[in-house]
Structures are given as C-alpha cells and as structure tokens.
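Residue-level structural notes
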Amino acid sequence: MEPLVQIKNLHISFNTYAGEVKAVRGVSFDIYKGEMLGVVGESGCGKSVTSNAIMRILPTPPAEYKQGEIIMDGKNLLGLSESHMQRIRGKDIGMIFQDSMASLNPTMNVGSQIAEVIRRHQKVSSDKAKRQAIEMLHLVGLSNPEKRYHQYPHEFSGGMRQRAMIAIALALNPKLLIADEPTTALDVTIQDQILKVMKTLIEKSDASVMLITHDLGVVAETCRRVVVMYAGQIIEQGAADHIFYNAKHPYTKGLLLSVPSMKMDKTKALEPIVGSPPDLFSPPAGCPFYARCKYAMKICKDSCPVMEAIPENDGQAHEASCWLNSLNYREALGERAVTL
Amino acid sequence: MLAAALKKEGKNALAKYILKRLGYAILTIWVVVTLTFIIMKVIPGNPFISDKMTKTTLENLMRFYKLDQPLFIQYLEYLKSVVTFNFGPSMVSATLDANFYITRGLPVSMQLGVQALLTALIFGMLLGVVAALNHNRWPDYISIIIAILGVSVPSFIMSRILTSFFSLKLGWFPVSGWASMKSTVLPMIALAVLPMAQITRLTRSSMLEVMGMDYIKTARAKGISRIALILRHGVKNASLPIISSLGTITTNLVTGSIVIERIFAIPGMGESLVKSVGNRDYPVIMAATVVYSIILIALTLAIDLIYPFIDPRIKIVGGETVLAEE
Amino acid sequence: MLKNNTFPVDAFDLATDNFSAADEIKRPSISYISDAWRRLKLNKLAMTGLVVIILLVIFVVFGPLATPHNYAYQDFSVMNQGPSANHWFGTDEMGRDLFARACQGGRVSLFIGLAAACIDLMAGVLIGGIAGYVGGQLDNLLMRFAEALYSIPYMLMVVLMAIIFGSGIFSLVLAITITGWVPMARLVRGQVLSLRELEYVQASRSMGAEDSWIFIKHIVPNAMGPIIVSATLTIPRAIFSEATLSFLGLGIQPPNPSWGQMASDAIEQMIVGNLNVILVPSILICLSMFSFNVLGDGLRDAFDPKMRK
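**Looking at the overall build of chain C**
Scanning chain C from terminus to terminus reveals 9 helices and 0 strands. Written out in order from the N terminus, the α and β elements of chain C read α-α-α-α-α-α-α-α-α. The proportion of buried residues among the 309 residues of chain C is 41%. The long-range share in chain C, meaning contacts at least 24 apart out of those at least 6 apart in sequence, stands at 70%.

Okay, structure coming up:
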C-alpha cells in the first residue's frame, strides 16, 4: 500500500497573549490509499489541529507552522501557495466537522451550499450543479432531495445536517476525507447511520478517511489502523486489532480500561485515568504522560521515550513510545519487567 | 425567499402579522398626533398676541382659525385635517398653507436624508468589514477612532469644522444653501457622520462574530476564494443585525437633519419646524410633527415587515415573529 | 535527554513523585464584580475615558475657586483675547473670562447629563421593575404606553417639551428624560423577568430558601451590569441633546453659560470671534462625550459574561 498523505515531524504552535502553546509536537504518520484511519485522543491532544493543518485552514495568526512537512501527491502542502491550496480544498480533500448546526451557513439553503463546492471546482452551469447537488443529497440518504435542496439548515435535524455535510465534502470525490468528530454530537442510533453513509460512499470511490474521534467504540467499528495522540504527540499507532488487544502504552491501556463494555466484570469499578493533560505552554521534557502513569519511572521524567516497533505475529506495523518497550528496560529488569 | 415564506406559513399567518404590525403603527400615529395636539394647546402664548391688534380683529382671526371653539371640537377638526392631509392655512402667512411648507420641505429633507443614509451605509459597512478582517491591525484601529469621533462630535460642531475647512479655506463647497448638487455635499457628510460611526462599529463587531463561526471554516474547506468567502458567507450574515438596527439609525438621522438644516440654511421640513415653533404657527407645527412621525413609524414598519423575509431563521407564527427551531 | 544512548543507573526505578505533578493549579475564583473591574482596568481606552471624566469633574468643581474671575462679569476692554496669564482660556466677545465660563458651563452641562441619567435610571427601574415583577395586565399596559411614547422621535419630543417648559436646567432635564427612560425600563424589566424565571426554576427544583438568597446575590450583580452601562451611556446622549437644543435656541439662555450654549453662540458668530471662543466649549463637549462613551463601552465589555476568562 502506498501512502496518500505523509505527515513528517509536524510542529505547530499558537501564539497567544498568554504565550506560545505548543499544540503539535513532532507528529509523524501516514495515511494510506483507501484506508480508514482512526485518530483518537482526548480534547486538546492536537488531533483537530493536525487535521486542520492538512487542509491548511488554521488561522495563521495565531497559529504557526513551525516545522515539518505534509506530503500529498509528491507536494508539500505546507509550502503551496494559498491559491493552489484553494484548488485542493474541497476537490482533493474534503472535511466534515463536529457541530453541523454551526458549520452550515444559516442564510443559505442547503442545496446551494453543496452546489457551491461543485461550481467552485468545475465549470458547470448552475442547473447542472443543482442537479448534481440533488443527486448527492439522494446518495447520502435524504428523502425527497428536490425539496431538501431548498431548505435551510435549521429545518434539518442533526443527523440530516451531518448527511448534508458529508454531501458537501464528498461531492467532488476527494481522495481524502477528514472527518473531525462527525458523530460526537449525535444520538447513538443516528451515529450508526452516519457511519454507514460514510462507509458506503467511501467504498465506492476508494478514498481514504481520517476519522478523528475520542470515541473508541466508533474506531473499533470502522477503522483498520489507529493513531493515538496525547499532548500534541503520537504515543502509539498501528493496526486496530493490535491497539485494542495488545496496547503497549499505559495511556492507551488506560483509555481502553475506562470505557465500559458488555464483556467486562460488572462488579469492578471503571478505572478512569486520574489527573489531566499537561500544560502545553511549557510541555514537559520527558514523557507527557509521566504525571498520570501508573508505571512511571525516573527516566520517564527527564527523557521523552522513543517510538519503538512492537513485533506482531501478522507482521502489521505497531509502534509505541514508552520506556517499558525498550530493550534496555527489558534487559535491565529481566523477569521483573512489566508487560502491559 | 418570499415564495418560500408564503409557502411555509400559509398566507393566513402572514396576513395576520402584517395587519397586526399595521394596526400597531396606526395606533402609534394616533398617539403621536394626539400628544402633539395636547402639547400645542399647553404651550403658553398665542400667535396673535400683538398690541396693535384690536379686539374684533383678534376675534375674527380666532374664529378663522377655529381657535374659539371648545377644545374637543378643535381636536376633531384637527383629526380631520390629519386624515385628509390638509392642515389648513399657516398662521404666520396670510397667503401660504401649512401644506405648502410640507410640500416644499419634504422632498428637500428626503433628499438630504437619503443621501446621508447611503453615504453612511456604504462607507460605514466598508470600513467595518475592512476593520474586522484586519483585526488588531492598523485599519482596525483607524475604524475604532473614526467610530469614536463620530459619536463624540456633535453634528453642529462637525458642520462647523467641515465648513471652515472645505468652504472657507479650500472653497470647494458653498457655505450654505441648497442651490446645486455641490451644496448638498457638506450637509450630507455632516449628517452622515453619526450614523456612519454607528454602522461602522456595528458592522465591525457583527463581522468579527460571523468570521469566527464554524461555517466559515466549512466554507474555507471547500476551497472557495477569499472574496467569495467574505461576501457570500461573511457579509451576508453580518448584515442582518445592521438591517434590524436601521430603524434606530434612521430615527437618529431624521432628528439630526433638523439641526443640519438649520446650520446650512436648507429649506427643508426641519427648518420649517423650528421656525414655526418659534412663531407658534400651530398648523405648520402639527403638520411637520405628524409628517415626521408618520415617516419614522412607516420606516420601522417597513423594516419589521422586511426582516423576516431576509433572515430565513425567522418564522411568522400566530402574528408574531419567532426564531425557528427544529 | 539521553547522552550517547546510555541510561543512568537508576533509570528504571519507579518514580515516586509523579502523581503530585498531576495536580492542577486552579485559578482563584473571583467574584463577578471584581472580575469586571479587573477587565475594565485592562481596557486602556476606557481607563482614559475614566481619567478624563475625573479631570473634567475636578475642573468644573474646583475651577471657579482657582480663578479670580467671575463668569458673568463683562469687561469690554478685553474682548476677544487669546489665552494670557490673566485669562487662561482667553475672553469672549463680551469680555468675559472663558475659563470661568467654561467651569460654570461645565457645571451646568455635566449636571444635566448626570441628572438625566439618574432620572432615567430611577424611572426605568421603577416602571420596568414593577412591570416585570407584577406582570399580567399592568405589565402589558405599561409596556404598550412606553412603546407608544418611545415611537415619538426623540429630538422632536425634546424640542416640543423644551418649548412647553421653557428653558432652564430643570425643564431641560425633564425634556430629555421624558422619553429617555423607556430603553432603561425595558432593560430592567428583562432583568427582573429572568430573575423571576430563575427563582421559579429554583422553586421547582426544591431548593431551600437559603440557596435562593445566594442565587440572588449572584444574579443581581449580573443584572446590574447592563443597567449601569445604559445609565453611563445616557450621559453623553443628554449632553448632546442639551448642546443641540441650545443650538436651536431652546436650551440654556444667555447669559447663563452651558457648554452647548457657548458653542452654539460661538458658531453662530462664525466670522467674528477668535478661535478660543469656539474651541473651548467644543473641545470640552467632545471630550466629555468621548470619555463617557468609551467608559460606557468599556463597562459593557467588562460586564459581558461571554468574555469572561
């Protein structure tokens, strides 16, 4: 599989009145063609900032791309001119957002908002664009699409609006769809429907999807690979199966334990992870999870662990950055070494 | 959007809304008219007091102007004159009608008002949008300064500044009068200053709020050009609060025009009003007051009627406007 | 960082102090009012306005004590002079000392502004409060009456009132406040209604009486914010009205000075008169309007709960 997008050593900071917030600190991962990649992490871990960076829609004051590259189609997206990026947005990369009510223009009817992206990138008449938009509305599963075209966002329900957003994002068959918390604001039953819609449309076009969420359940259902972010860094990434059944980072482990499931022991209490993420104004020099980690060691405070490959039976890639996985640790403690 | 609105609520609710608003407007006009009448009768002084007048002449005059009738009859006569829009003869001039002052003055005042309003709207919105897009940089600071100045400098001082600079020093425009297009420029600017300051500030804050909205991000993610983004998504939404404040702004404009007409000796209605007040010329006072009030009430009514059609989120339910929810 | 990939001896010993690092430093919670005051202080423009207001007040209150001249005394030998050691602001066309006149006029203008704001406040709070609290038909009646009154163009009303009640400070204040209280009343009514709503919600949640009091302690300061802002912004409106009325000949009559009266006099005599006669009152009017406006704006931003950090 070849990568569609390669993110290399991305560093992004926000220059605020209170100082510099280092929101993304050395993030590197690939998105392969035709795959569904899940990016999980709690609020503030940098997952949305990273996705916005791919689209380059971060407001550049106060955001600053300090370092790194985002390679797509052989070009570094961070180095392209704004007009070039405008040709890519909506056409090669599509994006859907969490709060669909706030993400749709309240004074424009829904259909026109879909037609808008079509007409921006293709030289078609307004009639043709309208027909295409109606077709998209039909594809995302909205009944009576001709009528829906003329309606306004406030006349749609949450689920319908999210479908409309999908229609906008996928209207031009982009190579990459970035879905930033698409189901977080929806009921569980609607969530399911939306994910189905997304999957159906993606399968047809073989696009890649970057699904950002803090909901592990959604990831487990849909993603083949997972990237786990914490405090602006990637702390673990690999095939979904490995992440879920063979997590090698205390944070990932903690996340999995804190989610209720049908199979768990109902007499035991849920284990939350105590504390909260570190302050990104002055991020710690060592492992960012140090202050909340059950297994923390002295070295974890001073030195940030390196990304180590975790060998797996099926040969799929799995890496985590934790000192518990390093060879030195295993050798030094031998029998007493902790295995997550 | 009109079609959609009619379809949405059915003609019934719409008609109900229009009638209700209309009825309200008429009621208010009646209140204003009555109040004016009361005020006129309360004002001390009589237009005809003069030592040289004989008693019979005074009686004749009083009878001619119906001032000898009991108050209630005068009130009915007054209402009649308002409804038929015939305010009777002026008390100052034997030959001129009160209506004359209105017909002469109204077009002039309207021209001044409309010119000033357009100036204020165009430049105010332009400045406000530019300021919002350049938040915390120098265009923003300039707009804030202009907005503050506009609000702090009363129109008569501003007029004086404009005249002394552009008329006396540079000689570009005449000092006063309403002779040519040129003479309309300075009064127009002087009158536009306050509304422009208000519109600038309103546009700026509205635009700032809109540009921070999520749908701007969605629009950017579509790859549309910056101009399209600013106009179709930014300004379109930002202008809603401005339209709804148009009522207040025009009210200020009308009252401001009275002063401007005085300063620049413009033969509009404001000028007539002030003069007639000084002369106790009742018919003219009442005529001018009624006309002004009707204009303002009609304007507010028009905005009330137009706004629901511009903002698709407003529904007309049971004769009132409500914010539509799912 | 690791040097040469060598691990220190105790690298893999368990850490003992890491959980304490997880404790957040919580910001001290401050009351709504002190937070608003703190935010106001940060607003340089608003603070400038406040300083200017204080200076103006000092000027008009203590000014007459500082100068030997009387504002009404005419000395035709020194007409239309520029500033000098004797006459700090110069003299006007009747030989009167401008400094003394500015002080006296300031007392009148500022008093009118303040009085108008107070009356609007009291009338608004009273009527709006009653309407909101009692509700029902009385509320309806009061609000309809207020609306009708408010539909009359402000300046028109002011002009007409000024004619009826003549000129003079009190009639002027009355003219300005007769329709000016309506926005304040609407504001107060709104606040009272939301207060009632909260109490109602309170009751339906079966909270004890104690909690209601605490709630009121938090809500009332919240409600006061917009009311204070509105009152502050009434002052420049009143000063403006006074100035405009004087210009139309309906305000303070000569020889009594007010800033508006002095300015309109000076402007009428456009060609004659030295610059001071125009500049002094005009600048003072503009300064006072500017400072109250920016202070009011600053207060509005400071009290805005959405901007609370």
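**A few points about the overall build of chain A**
Assigned secondary structure in chain A consists of 13 helices and 12 strands. Over its C-alpha atoms chain A spans a radius of gyration of 21 Å, differing by no more than 12% from the 20 Å that the globule rule assigns to 340 residues. Summarising its shape, the C-alpha atoms of chain A cover approximately 70 × 50 × 40 Å along the three principal directions. Evaluated residue by residue, chain A yields a buried proportion of 48% over its 340 residues. In chain A, 64% of the contacts between residues at least 6 apart in sequence involve partners at least 24 apart.

**Quick word on the environment of Glu146(A)**
Position of Glu146(A) among the secondary structure elements: in helix H6 (residues 145–149). Sequence separation between Glu146(A) and Glu135(A) is 11 residues; the distance between their C-alpha atoms is 9.0 Å.

**Digging into the nonpolar core**
A general trend in soluble globular proteins is that nonpolar side chains are found buried together. Ile114(A), Ile166(A), Ala167(A) and Met210(A) are the most contacted members of the largest nonpolar core, which totals 232 residues. In terms of residue count, the dominant contributor to this core is helix H7 (residues 181–211) of chain B (15 residues). Counting only domains with at least three residues in this core, you end up with domain 1 (3–223) and domain 2 (229–336) of chain A. When near neighbours in sequence (up to four residues on either side) are disregarded, Met210(A) contacts Ile31(A), Leu37(A), Val39(A), Ser51(A), Leu176(A), Ile178(A) and Ala179(A). Of all hydrophobic cores here, the second largest spans 10 residues; its members include Ala131(C), Val182(C), Met184(C) and Val192(C).

**As for the environment of Gly44(A)**
Looking at the secondary structure, you find Gly44(A) in the loop between strand S3 (36–40) and helix H1 (47–55). As a C-alpha pair, Gly44(A) and Met307(A) span 263 residues in sequence and 21 Å in three-dimensional space.

**Details of the sheet that holds strand S9 (residues 225–230) of chain A**
Residues and elements named next belong to chain A. Pairing in this open sheet of 8 strands is mixed, and the strands run S6-S7-S8-S3-S9-S10-S12-S11 from one edge to the other. Lying at the two open borders of the sheet, with one neighbouring strand each, are strand S6 (93–96) and strand S11 (308–309). In this structure, S6 lies alongside strand S7 (residues 176–180), joined through 4 bridges in parallel fashion. Of the residues in S7, the one forming a bridge with glycine 94 is leucine 177.

**Considerations on unusual backbone geometry**
All names here are of chain A. Unlike most non-glycine residues, arginine 56 shows phi in positive territory, near 55°. Structurally, the position occupied by arginine 56 is in the loop between H1 and strand S4 (63–72). Residue aspartate 73 is not a glycine yet carries a positive backbone phi of 55°. Looking at the secondary structure, you find aspartate 73 in the loop between S4 and strand S5 (75–76).

**A closer look at the sheet that holds strand S1 (residues 3–16) of chain A**
Residue and element names in this part refer to chain A. With antiparallel pairing, 4 strands are arranged side by side in an open sheet as S2-S1-S4-S5. Only two strands of the sheet have a single partner each, and these edge strands are strand S2 (19–32) and S5. Direction of pairing for S1 relative to S4: antiparallel, over a ladder of 8 bridges. Considered in S4, the bridge of isoleucine 7 is made with isoleucine 70. Those strands touched by H1 are S1, S2 and S4, and its axis lies near 110° from that of S1.

**Re the pairing of S2(A)**
Residue and element names in this part refer to chain A. Relative to S2, S1 runs antiparallel, the two sharing 11 bridges. Counterpart to glutamine 6 in the pairing with S2 is aspartate 30. The antiparallel pairing of S1 with S2 creates a hairpin that spans 2 residues between the two strands.

**Description of the domain arrangement of chain A**
Interface size is commonly expressed as the accessible area that is lost once the parts come together. All names here are of chain A. Splitting chain A by domain gives domain 1 (3–223) and domain 2 (229–336). Computed over C-alpha atoms, the centres of domain 1 and domain 2 are 29 Å apart. With 10 residues, S2 is the largest single contributor of residues to the side of domain 1 that touches domain 2. Of the residues that constitute the side of domain 1 that touches domain 2, the class distribution is 12 nonpolar, 6 polar and 5 charged.

**Here's the deal with helix H7 (residues 158–170) of chain A**
Residues and elements named next belong to chain A. With 13 residues, H7 ought to run about 18 Å at 1.5 Å a step, and its terminal C-alpha atoms sit 18 Å apart, in line with that. H7 sits mainly inside the fold: 12 of its 13 residues count as buried. Gly159, Met160, Arg161, Gln162, Arg163, Ala164, Met165, Ile166, Ala167, Ile168, Ala169 and Leu170 are the residues of H7 that are buried. The inward-facing, buried residues of H7 abut S6, helix H3 (100–103), helix H4 (110–121), helix H5 (126–139), S7 and helix H8 (188–205).

**Let's talk about the interface of chain C and chain B**
At the junction of the two partners, chain C supplies 26 residues and chain B supplies 28 residues. Broken down by secondary-structure element, the contributors of at least two residues to the side of chain C that touches chain B are helix H4 (136–151), helix H5 (154–165), helix H7 (209–247), helix H8 (259–268) and helix H9 (275–303) of chain C. Of the residues belonging to the side of chain C that touches chain B, the class tally is 21 nonpolar, 5 polar and no charged.

**Observations concerning H1(A)**
Among the 9 residues in H1(A), 9 count as buried, and that is most of the element. Those residues of H1(A) that sit buried are Lys47(A), Ser48(A), Val49(A), Thr50(A), Ser51(A), Asn52(A), Ala53(A), Ile54(A) and Met55(A).

**Examining the pairing of strand S10 (residues 233–239) of chain A**
Residue and element names in this part refer to chain A. When you tally the buried positions in S10, you get 6 out of 7 residues, the bulk of the element. Taken together, the 6 bridges between S9 and S10 define a ladder with antiparallel strand orientation. Residue pairing across strands places tyrosine 230 opposite glutamine 233, the latter belonging to S10. Here S9 hands over to S10 after 2 residues, with alanine 231 in that stretch at a positive phi of 50°. Pairing geometry for S10 and strand S12 (residues 318–320), over 3 bridges, is antiparallel. By the bridge assignment, glutamate 236 is partnered in S12 with alanine 320.

The rules behind the values
- Residues numbered from 1 in each chain as written.
- Chains lettered and ligands numbered in written order.
- Predicted model: local features only at pLDDT ≥ 70, side-chain atom pairs only at ≥ 80, totals over all residues.
- Helix = DSSP H or I, 4+ residues; strand = E, 2+ residues; numbered from the N terminus.
- Buried ≥ 20, exposed ≤ 12 C-beta atoms within 10 Å, placed from the backbone.
- Contact = placed C-beta atoms within 7 Å.
- Rg over C-alpha atoms; globule rule 2.2 N^0.38 Å.
- Core = buried A, V, L, I, M, F, W, Y, C linked by C-beta atoms within 7 Å.
- Domains from an automatic or database assignment.
- Pairing = 2+ DSSP bridges.
- Axes fitted to C-alpha atoms, helices over the stretch in contact; angles between N-to-C directions.
- Nonpolar A, V, L, I, M, F, W, Y, C, P; charged D, E, K, R; others polar.
- Expected span 1.5 Å × (residues − 1).

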